[in-house]
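Chain residues, written in single-letter form:
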Amino acid sequence: MEFTTETIVRLYDTDAAGFHFYGAQFRFAHEALENFLEHIGQPIGATIRDRNVLFPVVHAEADYRAPLSVGDRLSVRVVVKALGDRSFTMGYRLL
């Protein structure tokens, strides 16, 4: 399954040089995950509250191919790469 959402680079996503802070890519990915879950009818807040489900991240990595600056508009593509009984693997691409 694939899903695309839009976001914008905010001032708080950047460092003193004016480029995105490396950790911001993980915030963009997490925001996209929440939007994806909402899209498929499983909003994360209700899922955690009503079902006592947790979403621990056990591995994360990112490759940086180009800088991002304040005001840049991004499309974030979300892909379900693997779906198991007790875990799932997501892929994200910021364009």
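As the structure is a prediction and not an experimental result, all values here were calculated from the model. (Residues numbered from 1 in each chain as written. Predicted model: local features only at pLDDT ≥ 70, side-chain atom pairs only at ≥ 80, totals over all residues. Heavy atoms only, no water.)

Concerning the environment of Ser 69
So, step 1. Topologically, Ser 69 is positioned in the loop between α2 (44-51) and β2 (73-83).
So, step 2. Linking Ser 69 and Phe 19, residues 50 residues apart in sequence, is a C-alpha distance of 4.8 Å.
So, step 3. If near-sequence neighbours (up to four positions away) are discounted, Ser 69 is found in contact with Val 9, Gly 18 and Phe 19. (Helix = DSSP H or I, 4+ residues; strand = E, 2+ residues; numbered from the N terminus. Contact = heavy atoms within 4.5 Å.)

Here's the deal with the side chain of Asp 13
So, step 1. Secondary-structure assignment places Asp 13 in the loop between β1 (2-8) and α1 (24-39).
So, step 2. In this view, Asp 13 contacts Ile 8, Phe 19, His 20, Phe 21, Ala 24, Arg 27 and Phe 28; residues no more than four positions away in its chain are not counted.

A few points about the sheet that holds β1
So, step 1. The antiparallel open sheet is built from 3 strands, whose spatial order is β1-β2-β3. The open sheet has two edge strands, β1 and β3 (88-94), and neither has a second partner. The average angle at which neighbouring strand axes cross in this sheet is 25 degrees, direction not considered.
So, step 2. Bridge analysis of β2 against β3 gives 7 bridges, and the strand direction is antiparallel. Paired with Val 76 across the two strands is Leu 94, which belongs to β3.
So, step 3. The sheet contacts of α1 involve β1, β2 and β3, and relative to β1 the element is tilted by about 130 degrees. (Pairing = 2+ DSSP bridges. Axes fitted to C-alpha atoms, helices over the stretch in contact; angles between N-to-C directions.)

A closer look at the nonpolar core
In a soluble, globular protein the nonpolar side chains are often hidden away together inside.
So, step 1. Core analysis: the largest hydrophobic core is formed by 14 residues, its most contacted members being Phe 28, Phe 36, Leu 74 and Val 78.
So, step 2. Elements with a minimum of two residues in this core: α1 and β2.
So, step 3. Top element by residues in this core is α1. It accounts for 6 residues.
So, step 4. Other than its neighbours up to four places away in sequence, Phe 36 contacts Met 1, Phe 3, Val 78, Val 80 and Met 90. (Core = buried A, V, L, I, M, F, W, Y, C linked by side-chain atoms within 4.5 Å. Buried < 20%, exposed > 50% of the residue type's maximum accessible area, 1.4 Å probe, protein only.)

Notes on the confidence of the model for the protein
In low-pLDDT regions, the fine details of the predicted coordinates are not to be read closely.
So, step 1. Here the protein averages 91 in pLDDT, and 99% of its residues register 70 or above.
So, step 2. Put simply, α2 is where the protein has its lowest mean pLDDT, 84, and β1 is where it has its highest, 96. (pLDDT = per-residue confidence, 0-100.)

A few points about a nonpolar patch on the surface
So, step 1. Together, Phe 21, Tyr 22, Phe 26 and Tyr 64 line one region of the surface with nonpolar side chains, adding up to about 420 Å² of accessible area.
So, step 2. Positionally, Phe 21 belongs in the loop between β1 and α1. (Patch = residues over 30% accessible without salt bridge, like charges linked within 9 Å, V, L, I, M, F, W, Y side chains within 5 Å. Areas by Shrake-Rupley, 256 points an atom, 1.4 Å probe, with all protein chains shown as cover. Salt bridge = Lys/Arg side-chain N within 4 Å of Asp/Glu carboxyl O.)

A few points about the packing of aromatic side chains
So, step 1. In the structure shown here, the tally under the stated rule is 2 aromatic pairs.
So, step 2. Note on Phe 3 and Phe 36: the rings are 5.8 Å apart at their centroids and 55 degrees apart in plane angle, and the pair reads as tilted. Of this pair, Phe 3 sits in strand β1 while Phe 36 is found in helix α1, placing the two residues 33 residues apart along the sequence.
So, step 3. Given the relative accessible area of 4%, Phe 36 is considered buried.
So, step 4. Ring centres of Phe 21 and Tyr 22 lie 4.5 Å apart, and the angle between their planes is 50 degrees; this geometry places the pair in the tilted category.
So, step 5. Given a relative accessible area of 40%, Phe 21 falls into the partly exposed group. (Phe/Tyr/Trp six-rings, centres within 6.5 Å; stacked < 30°, edge-to-face > 60°.)

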